[in-house]
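Chain by chain, the residues:
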Amino acid sequence: MDYQPGCLARSLVGHDKDQYYVILSVEGERVVLADGRTRTQKHPKRKNKRHIQVVNRCLVEEFPVSDEEIYARLRSFVKCAANREKE
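Now for a look at the structure at hand.

## Here's the deal with the nonpolar core
Counting residues in each nonpolar core, the largest one holds 11 residues, listed as Leu-8, Val-22, Leu-24, Val-32, Ala-34, Leu-59, Val-60, Val-65, Ile-70, Leu-74 and Phe-77. When contributions to this core are tallied by element, the ones reaching two or more residues are β2 (20-27), β3 (30-34) and α1 (67-86). Not counting residues within four places of it along the chain, the set of residues in contact with Leu-59 comprises Gly-6, Leu-8, Val-22, Arg-73 and Leu-74.

## What about α1?
Under the 1.5 Å per step criterion, the end-to-end length of α1 is 29 Å for 20 residues, consistent within 8% with the ideal 28 Å. Residues Asp-67, Ile-70, Leu-74, Phe-77 and Ala-81 constitute the buried set of α1. Looking straight down α1, one finds its buried side chains confined to an arc of 100°; they lie on one side. The exposed set on the far side of α1, more than 90 degrees from its buried face, consists of Glu-68, Lys-79 and Lys-86. Where α1 is buried, its residues meet β1 (7-11), β2, β3 and β5 (52-58).

## Things to note about the side chain of Ser-11
Structurally, Ser-11 is set in strand β1. Within the structure, the side chain of Ser-11 is placed 3.1 Å from the backbone oxygen of Val-13, a separation counted as a polar contact. Separated by 3.0 Å, the side chains of Ser-11 and Asp-16 make a polar contact.

About the criteria used
Residues numbered from 1 in each chain as written. Predicted model: local features only at pLDDT ≥ 70, side-chain atom pairs only at ≥ 80, totals over all residues. Heavy atoms only, no water. Core = buried A, V, L, I, M, F, W, Y, C linked by side-chain atoms within 4.5 Å. Buried < 20%, exposed > 50% of the residue type's maximum accessible area, 1.4 Å probe, protein only. Helix = DSSP H or I, 4+ residues; strand = E, 2+ residues; numbered from the N terminus. Contact = heavy atoms within 4.5 Å. Expected span 1.5 Å × (residues − 1). Arc of directions from axis to C-beta. Polar contact = N/O pair within 3.5 Å; in protein donor to acceptor, adjacent residues only side chain to side chain.

Below is the structure:
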């Protein structure tokens, strides 16, 4: 698995199961995640690498990026994914 900042990740376990996040950084066996709304860059979620699944798509190419932009990109990705499932 390639845990790179800017890539999309989905939570596999915990109260946030199936929630999508953007990887902000990697700290050993943990990753720092943000969704732009409940988990901002000032208050990110730290999660074990084993508890997330990296989606082979980078949403953020360059940092710094605003929380609003992270949220908008995640929302558009989830909306597109939901449309693909309906078809």
